[in-house]
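Each chain, written out:
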Amino acid sequence: MARIACIMVADFPIAALVRSNPAFEGKVLAIGRSLAPHAELDAVSPRARELGIRAGMTIAQARAISSDLAVVHRSSAAESSAHSALLDAVESVSPVVESGAPGCVWLDLAGLHRIYNGEEEITAELVRCVRRVGMEPAAGVAANKELAHLAARCGGVRVIEAGREGEFLNWLPLDMLGLGKSDRGDDLETTLARWGMRRLGELARLNPDAVGTRLGRRGVELVRLARGGSHAPLVPRRRAEFFVETVELEYGIENLTPLGFVMRAMLERLAERLSMRALVAGDVALAFGMSGHRSFNRRVAVAAPSNDVRAILTLINLSLEAAPPEAAVESIRIEIAPRVPRPAQTDMFLPPSPAPDKLQTTIARLAALCGPGNVGTLSAENSHRPEAMRLDPFAPPAAPPIPENAAAKTVTQLVIRAIRPAREIEVMCSREIPEFVRGENLGARVISIAGPWRRDGEWWLGFNGGDKCGFIRDYYELALEDGGVYRIFRDLNSHKWFLDGAYD
């Protein structure tokens, strides 16, 4: 038999606001359609309800009860982020989840009994996960979606055992269902009250055909629900490809420091959602809504995926400092691409390397100081010019493999120590043959010579002054009286000599 759980957050618009702004927690808070004194309240916080403030009151009536009442507008961005967080929390327990109305989700408990010891332990884990994302839920478990939803609406944690659905439905008041209107436009709760119906058990004893004649299709569904016979299928949602948090600010922020405080709280909520799903944060996409109906978009690359909020925030701040928004920021949207964490194992014989996230932060700081085009890894360019290099993005290299015969290799190799950039020297020649070399910390007669070897190329890159283009050089290897062996070349474009390297 199928077992379905329903997780529901009461007063969801209020709970979403408190999650996005923890300063509202424990306050006398209400959501109004406008801030005018005659405007009605749509939702109130538990603290306001304790004082006697109810939804439907005007702001003036509510403030007559409590002068501490704070009235704010409803935030669709906060509700969307909170509902996504609720889905992530539930998906950390079960992979089959259906999204309902904002603040309500269903999940299938099939197979979870192999992991948890009973449905009470499953619901306790669900409540704990939802609390981790900043909301207080109610949980209900039953044989179908409708019964589980009714159980969750009762508050707390309620598990309806198989075969005992009738006991639960018999005493359930009709005003807990939120009946609404019938197909003919009549208020169902009022009509049933005129019939003397107060509980679902009384409605279950009626003839469905007779109820359908008077109340239409909605009445038949109510009778079927009262008998516990409604079995709407569970429609699982697709897994989220991105994790998003959105905040609408009450006023524009012009400085990066307060903007960082707001984004830090958003990143902490995103990191919590990712960690519950056993994921880490990858690249970050920022979208700011600015004054004057302008927008600002920025993508921040994260080379080493991590849930370290401090490291991610540092990367964002460095990116924004290089090119800040041009106007005050009124809304913030942070989107993170999830990544699977990569296991890292240290080497027993090598010193510990810096953490990848800290290394990425250091590189970002260097790029902010020196410029993005001056930080990276030097790589050899595909050119015959020996000093031709290019700058690639930095990535820690993998450990080189150890050859099998490494211990038996005893052959000494001649190594050249290149000089970059090549130093200009003075060479005295006889019949175009070098005989004496003089330069910085160098001055000796040539005792043996090899060469020249000509290298030229890069003529296709354009002219390099005058009518000459590319490079053309004659290379020599010289043994001098000082005992050293050197490599020099003559630039045939400028007719100057340069010291290119020395053999060790």
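Residues numbered from 1 in each chain as written. Predicted model: local features only at pLDDT ≥ 70, side-chain atom pairs only at ≥ 80, totals over all residues. Heavy atoms only, no water.

Caption draft 1: Spotlight on helix 11 (residues 217–226). Among the residues of helix 11, those classed as buried are G219, L222, V223, L225 and A226. The buried residues of helix 11 occupy an angular sector of 160 degrees when projected down its axis, which confines them to one face. Just beyond helix 11, the residue with positive phi is G228, at close to 75 degrees. (Buried < 20%, exposed > 50% of the residue type's maximum accessible area, 1.4 Å probe, protein only. Helix = DSSP H or I, 4+ residues; strand = E, 2+ residues; numbered from the N terminus. Arc of directions from axis to C-beta.)

Caption draft 2: Spatial organisation of the environment of R342. Relative to the helices and strands, R342 resides in the loop between strand 12 (329–339) and helix 14 (356–370). Overall, R342 belongs to the exposed group, its relative accessible area being 66%. With 38 residues separating them in the primary sequence, R342 and A304 have C-alpha atoms 9.3 Å apart. In this structure, R342 is in contact with A303 and P305, ignoring residues within four places of it in sequence. (Contact = heavy atoms within 4.5 Å.)

Caption draft 3: Region of interest: the side chain of T123. Residue position: T123 is located in helix 5 (residues 119–132). Looking at T123, its side chain comes within polar contact range of the main-chain oxygen of E120, at 2.8 Å. Every residue in contact with T123, bar those within four places of it in the chain, is listed here: A139, V141, V157 and V159. (Polar contact = N/O pair within 3.5 Å; in protein donor to acceptor, adjacent residues only side chain to side chain.)

Caption draft 4: Representation of the sheet that holds strand 4 (residues 70–72). The sheet built from three strands is open, its strands ordered 3-2-4 with mixed pairing. Of all the strands in the sheet, just strand 3 (41–44) and strand 4 have a single pairing partner and so form its edges. Taken pair by pair, the neighbouring strands of this sheet meet at an average axis angle of 30 degrees, ignoring direction. Taken together, the three bridges between strand 2 (residues 29–32) and strand 4 define a ladder with parallel strand orientation. When the sheet's bridge partners are listed, A30 is paired in strand 4 with V71. On the sheet, helix 1 (residues 12–20) packs against strand 2, strand 3 and strand 4 and is oriented at approximately 115 degrees with respect to strand 2. (Pairing = 2+ DSSP bridges. Axes fitted to C-alpha atoms, helices over the stretch in contact; angles between N-to-C directions.)

Caption draft 5: A look at a nonpolar patch on the surface. On the surface, a nonpolar cluster with roughly 290 Å² of combined accessible area is contributed by L378, M389 and L391. Turning to its location among the elements, L378 is positioned in strand 13 (residues 377–380). (Patch = residues over 30% accessible without salt bridge, like charges linked within 9 Å, V, L, I, M, F, W, Y side chains within 5 Å. Areas by Shrake-Rupley, 256 points an atom, 1.4 Å probe, with all protein chains shown as cover. Salt bridge = Lys/Arg side-chain N within 4 Å of Asp/Glu carboxyl O.)

Caption draft 6: Quick look at the packing of helix 12 (residues 256–276) against helix 13 (residues 309–322). Relative orientation of the contacting elements helix 12 and helix 13 amounts to 145 degrees, with a least axis distance of 10 Å. The element helix 12 and its partner helix 13 pack so that their crossing is right-handed. Here helix 12 contributes L256, L259, G260, M263, R264, L267, E268 and A271 to the contact with helix 13, which in turn contributes V309, R310, I312, L313, I316, N317, L320 and E321. By residue class, the composition of the contact of helix 12 with helix 13 is 10 nonpolar, two polar and four charged. (Left-handed = near helix turned anticlockwise from the far one by under 90°. Nonpolar A, V, L, I, M, F, W, Y, C, P; charged D, E, K, R; others polar.)

Caption draft 7: The arrangement of the pairing of strand 16 (residues 433–439) in detail. Taken together, the five bridges between strand 15 (residues 416–430) and strand 16 define a ladder with antiparallel strand orientation. The partner of C429 across the bridge, within strand 16, is P434. Linking two consecutive strands that pair antiparallel, namely strand 15 and strand 16, is a turn of two residues; a positive phi of about 55 degrees is found at R431 within it. Here four bridges tie strand 16 to strand 17 (residues 442–457), and the two strands are oriented antiparallel to one another.

Caption draft 8: Spatial organisation of the pairing of strand 19 (residues 485–491). Of all seven residues making up strand 19, five are buried, and the element is well covered by its neighbours. Pairing of strand 18 (residues 471–480) with strand 19 involves seven bridges; the strand directions are antiparallel. Paired with Y476 across the two strands is I488, which belongs to strand 19. The hairpin formed by strand 18 and strand 19 contains four residues between the paired strands, and G483 there has a positive phi angle of roughly 90 degrees. Pairing analysis gives seven bridges linking strand 19 to strand 20 (residues 496–503), with the strands arranged antiparallel. In the strand pairing of strand 20, Y486 is matched with A502. The antiparallel pairing of strand 19 with strand 20 creates a hairpin that spans four residues between the two strands, and H495 there sits at a positive phi of about 60 degrees.

Caption draft 9: Inspection of the nonpolar core at higher detail. Ranked by internal contacts, the top residues of the largest apolar core, which has 33 residues, are M263, L267, V284, F288, I316, I332 and I334. Every element with two or more residues in this core is listed here: strand 9 (243–253), helix 12, strand 10 (280–290), strand 11 (294–300), helix 13 and strand 12. Setting aside anything within four residues of it in sequence, one finds V284 in contact with R298, R299, V300, V302, I312, I316, I334, E335 and I336. If you look at the next biggest cluster of nonpolar residues, it comprises 30 residues, including F12, A78, A82 and A89. (Core = buried A, V, L, I, M, F, W, Y, C linked by side-chain atoms within 4.5 Å.)

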